[in-house]
Every structure is written in C-alpha cells, then in structure tokens.
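Tertiary structure, described
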Amino acid sequence: MKDRLSVVIVEMDRERGVLIEESLRVAGDFDITVVGETNDLAGKIRDLNPDMVLVDIANPSRDVLEELTIASGPMVRPVAMFVDRSDEALTRAAIEAGVSAYVVDGLKSDRVKPILDAAVTRFNMFHRMRVELATTKRALEERKVIDRAKGMIMKARRVDEDEAYAILRKAAMDQGKRVADVAQALVSTAGLLS
Amino acid sequence: MLSVGFIPLVDAAPLIVAQEMGFAAEEGLALDLLPAPSWSSLRDLLAFGRVDAAHMLAPVPVASALGLGGSGVEMCALSVLSMNGNVIGVSNGLAARMRNGGHGFGFDDAHAAGAAIITAGPEAGARLRIGVPFPFSMHAELLYYWLSALGLPAPQGVEVRTVPPPLMAEAMASGEIDAFCVGEPWGSIAVEKGVATLLLPTRAIWQGAPEKVLAVRKGWADDEPELSARLIRAVWKAQRWLFAPDSRALAGEILARPEYLAMPVEVIDRALTGNLCISPGGDMRQVPDFVTFYKNAASFPWRSQAQWIGYQLAARMGLDRAEALRKASHVFRPDLYRAALDPAGAVIPGASSKIEGSIRVETPVASGAGRLFLGPDSFFDGKSFDPERANL
C-alpha cells in the first residue's frame, strides 16, 4: 500500500470542493483529487483508483459509487463502505454531517479517521451555512410580504404605518398565527381581487 | 412518531397514503416521512437508526444479507409495497433503428422487444449500455434475466450502469446510455423531454416481480413486534385504499405535492392508471396492472421472491447459490406479516413460499379466511423458479 493516501472528493460545487480539499490538507499529507462531473463517474473513479472516496450524502450520484463496492474484475480493487460497525460513533457523526466515505477494503480505520474527522467538521460547517442562508432568505422574504401587507392596510383603512402593523399583529394574535403568515394570506388573497 | 424514509417515486404511495389518509393514525402511528437523495443513503439512514423503516428496492436487503454493499446491519422486509411499475426505454437513435428493423413498439411482448433491441443494438463490437437506478435493484435483475434468456450473455455482453433516476433523461440525451430501466415517473419524464421511447413495462418480463418492500432493521423488528405490526397494518390499509379505482385521482394529487414527488400530477397519473405515453410523438399504451399495491395478495412477502433475488445475485456475483438461497429466505418475513394482519381480517395465503412463475392465470388458493386469488406470476420465457429444486 502507498504511504500517502489518495483521496477523491466528489463535489459538483467547485467552491465547496476547494474548501473540503483545504481542510483535508490541514489534516495531513494526502493526495487529493476533486471530481466535479457526474458523467461516467464510476469510470473516472476507477481510473483514479483512490484509497478513499468522499461524497456528500445529499448527492444523488452517490448511488453510482455503489457500483464500486462490487469487485467486478481482477484489476478492480474492492471498495468497502467506511460506514461499518468498527467505529460506529464516527460513522454516525459522518451520517449526521451528511458525508459518506468509501474506502478500499482493509484500510485501517486509524488512517482514515483524520480525513473523515476533517470532512465531518467541514460538512457540519456547510450545513450551518446552509441553514443560516435559508433563515436569512426567509426573514428577508417575510419582511417584504409584511411591508406589502402593511401598505395595503394603510391604503384601505387610511391609517399610518405603525397602526397598520398593529392591525396585522392583532389579527395574528387573534388567529394564533405568525404575523408573516397573516400578511402572506392577505397579500395572496388580495391578488385574487385585483 | 415513527420516522420513515422514502425515495420520491410513484411506488412510495403506500407509505405516503398511510400517513395522509389517516391509516397510520388509525393504528396510533404518526409517520415522519423523510425523502432521501439516493438508495445508498436511504439504506444507511435505516442501518444506522436515523429512520426506523424505509421504502426499499426489494433486492437491497437481500444483497445486504449476502454481504453485498452496505454496512452489514441486518435488514428485513415486513411486506411488499408494490409489484412491478418500472419501464424500459430506449434512446431516439436506438428506437429509430428498431423501427427500421420492423419493431412496432407494441409494449407487451418481451420476446419481440428483446430480439429487436439485441438486433438493433449498438454498432458491432460495442456493448449495449443500459442505465439502472442502483446495482441491487429489480431493474438490474430483470434486465439480466431478460437479455440472457434471449441469448445475450449477461452480465458480460451488456454494460449496466448506475444512473440516478433524476439524471436518467440527461444521461440518455448526452449519449451516455442507449437504454434505461427506471421506476415511474422517470420513464415518462424522459418521454416528456423528448429523449426516449418506452419499450416495455418490466411486468412483461416477470408478472410477479416484487418491486419495493417495507424494510426495517431486523433488530428493530425483533425488539418492537407491536410497533412493526401496527406499521404493517397501516401500510396494508393504504394499499387496499390505493386498489380502489375511485382513489386514483386523489392519490395522484397527494403524491404530486411538493413535499412528496413535487411533479405534475398528469405524469404521476400515467403509472397509477397504466395509461402510458410511450413516445415523444404521443403514442399511448394501456397496461393493466402496471403497478400493483394490493391486488391478488401483492403485498405478501413471499420467501420464494427473496430467494429468486438471492439466487440471481449469487449466480451473477459468483457466490455460493445454496447459501444464498438459505440466507435470502430469512429476509422476507411472511411470519410477521401474517401475525399483524390475521387479526385485521385480511385474506392471507396459507403458504409462505411458492413456485415463482408457475401461475398462468388468476388462481384460487388456500388461505386462512375468505377466498384468495393469486395473480399470474409468469416469466416471459415460461420458466419457473422452485427454491427447493433450484440448480445449484
């Protein structure tokens, strides 16, 4: 077996690929290749012949890698999935973080651990960023809807902005709903009338 | 609350309907339905306890039992969620060559379709490239069975590639594959995109093919007999509801929702009604029982079905066939199915195993209560599979 582990990262998003690669370089001296295309993925990985493959669980192309778990010829090295029961805590952490790893059969888990640890940390960071982005986006959209609803109330009932918001908030409290939901209902219903 | 993973496909219907139409609630269950991005991740979510049950390709738990793929966590099938429901499609280029060769795309004759695809196949020397969703799938097993029965040496003579269903149409358009075998609605979507013509429903290869199963960890089934019985009943009631013709329109609407398939209901309805549009030109074909959830004890997990799968896998992968038959026989659980549904008054087969492929016409059989008919389960080549007399 080679001294330096060769690792393939399957990642369609170039920026993310670079970030994962950087984290792995910090974790140790590895030979890293990022594959960013789904076209003939199994063939590409067979050619690269890595010790380990990392792939985002959310990537549907992960199923393509399952082909590699079947040793179909004498030249093909069997690849086992790292998620086995030898280190369940690590596996669980990987699944929670959304990363899956395939490693060559027989590779010791202490050689794989630093890589997977680094990948798990990085994927957790991606996950947090994704959640934050989604939350921010939603907050922005809700703000816009509330502003539109306020505008409609101001016009229809000839009140100022603060009063319009008070009306919205009261309606929300009476109905046991969020202000944003009441505003959304108003805006979409009003759309039917105009 | 029970977390259940699924892949957004028409045949996830029994699980989705169990939750949406209140059959789960009737059993005191709330199903937390979690869509998964791929079969391998769904299998791992199940194996590592992130979900308690899953919509699963019938061969996946069998393959795991044989040590193929996955983490080695034992899984079992509590019931069959659906029978058949896949289509084989060919690229426009291949379809044109087949039409020139005189094939009429009747969509019902596996002999004619198979002969046509082998004759028209790729240029001399090249192998026919066929996309399937997963290496361990009925799609792959039925293709190998079909083509090798017609004289094409499989797996050597054909290149079966894994292509995730959402990418199937794209792979066809870019010339990466010549044909595919995929579950609905992905075949119809490839037709809608103008890149494929449908050649056969997989039903034409094996009428009795189990497609998806209700899979759980074996340890969970052992530890939670009460919970698994309630789950079996909830899903069985959903399947019975899906069988009623009146349910189809509503079933399509529910499946189309953004949290489930997130696809146009018109495309989903094709599989539910068996009224398929097979070509970009708009040719229609009617396939009775294109996908079945309930009819003729469709949901009964026959041990012999799992053994057929185990036998095929072993033959293809060079494993010991006798051992594969033995291991596979424990994966499907007619015992748990019967224990759960006997009290519900379900009509259940008295046997747990049958000679697959031996029933040519709808046939009455012995059952615990009431009258039960088994549907035809013939293989297109007329052969049958008896696990007790399999060629080892």
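What counts and what doesn't
Residues numbered from 1 in each chain as written. Chains lettered and ligands numbered in written order. Predicted model: local features only at pLDDT ≥ 70, side-chain atom pairs only at ≥ 80, totals over all residues. Heavy atoms only, no water. Helix = DSSP H or I, 4+ residues; strand = E, 2+ residues; numbered from the N terminus. Buried < 20%, exposed > 50% of the residue type's maximum accessible area, 1.4 Å probe, protein only. Areas by Shrake-Rupley, 256 points an atom, 1.4 Å probe, with all protein chains shown as cover. Pairing = 2+ DSSP bridges. Axes fitted to C-alpha atoms, helices over the stretch in contact; angles between N-to-C directions. Contact = heavy atoms within 4.5 Å. Buried area = accessible area lost by both parts, 1.4 Å probe. Salt bridge = Lys/Arg side-chain N within 4 Å of Asp/Glu carboxyl O. Nonpolar A, V, L, I, M, F, W, Y, C, P; charged D, E, K, R; others polar. pLDDT = per-residue confidence, 0-100.

Across its full length, chain A carries seven helices and five strands. Each helix (α) and strand (β) of chain A, taken in turn from the N terminus, gives the series β-α-β-α-β-α-β-α-β-α-α-α. The buried share among the 194 residues of chain A stands at 41%. Accessible area of chain A: about 11,200 Å², with a carbon and sulfur share of 54%.

Moving on, we get to the sheet that holds strand S8 (residues 179–183) of chain B. Note on sheets: strands pair through backbone hydrogen bonds, and any given pair is parallel or antiparallel. All names here are of chain B. Ordered by their spatial adjacency, five strands build an open sheet running S7-S6-S8-S5-S9, and the pairing between neighbours is mixed. One side of each edge strand has no neighbouring strand; the edge strands of this open sheet are strand S7 (158–162) and strand S9 (196–201). Between one strand axis and the next, the sheet turns through 25 degrees on average, direction left out of account. Here five bridges tie strand S5 (residues 86–91) to S8, and the two strands are oriented antiparallel to one another. Counted as the bridge partner of Asn 86 is Gly 183 from S8. In the packing of helix H6 (residues 110–120) onto the sheet, contacts are made with S5, strand S6 (128–132), S8 and S9, and the angle to S9 comes to roughly 135 degrees. Here helix H7 (residues 138–149) sits on the sheet in contact with S5, S6, S7, S8 and S9, set at roughly 150 degrees to S6.

All right, on to the sheet that holds strand S3 (residues 53–57) of chain B then. All names here are of chain B. One open sheet accounts for six strands, arranged S2-S1-S3-S10-S4-S13; its pairing is mixed. In the strand order of this sheet, the two ends are held by strand S2 (31–35) and strand S13 (291–292), each with one partner. As paired elements, S3 and strand S10 (residues 210–217) share five bridges and run antiparallel to each other. Note on S10: the bridge partner recorded for Met 56 is Val 213.

Turning next to the interface of chain A and chain B. Reports of interface size often rely on the accessible area that becomes lost once the parts have come together. With 25 residues of chain A in contact, the opposing surface of chain B contributes 26 residues. Carbon and sulfur atoms make up 59% of the surface buried where chain A meets chain B, a total of about 2,000 Å² over both sides. The shortest N-O distance in the salt bridge between A:Arg62 and B:Asp44 comes to 2.4 Å. Looking at the side of chain A that touches chain B, the elements with two or more residues in it are helix H3 (62–66) and helix H4 (88–97) of chain A. Considering each element in turn, the side of chain A that touches chain B owes the most residues, five residues, to H4(A). Of the residues that constitute the side of chain A that touches chain B, the class distribution is nine nonpolar, six polar and 10 charged.

Let us look at the confidence of the model for chain B. Residues and elements named next belong to chain B. Summary statistics for chain B give a mean pLDDT of 93 and a share of 98% for residues scoring 70 or more. Per-element confidence in chain B ranges from a low mean pLDDT of 84 for strand S14 (residues 363–365) to a high of 98 for S10. The complex prediction reports pTM at 0.84, with the ipTM value standing at 0.77.

This part covers the environment of B:Leu313. All names here are of chain B. Its place among the elements puts Leu 313 in helix H14 (residues 303–317). Sequence-wise, Leu 313 and Gly 187 are 126 residues apart; in three dimensions their C-alpha atoms are separated by 25 Å. Leu 313 has contacts with Pro 59, Val 62, Ala 63, Leu 66, Leu 68, Phe 136 and Glu 141, leaving out every residue within four places of it along the chain.

Residue and element names in this part refer to chain B. A large share of S9 lies buried, amounting to six of its six residues. As defined by bridge partners, S5 adjoins S9 across five bridges and the pair is classed as antiparallel. Following the sheet pairing, Ser 91 is matched in S9 by Ala 196.

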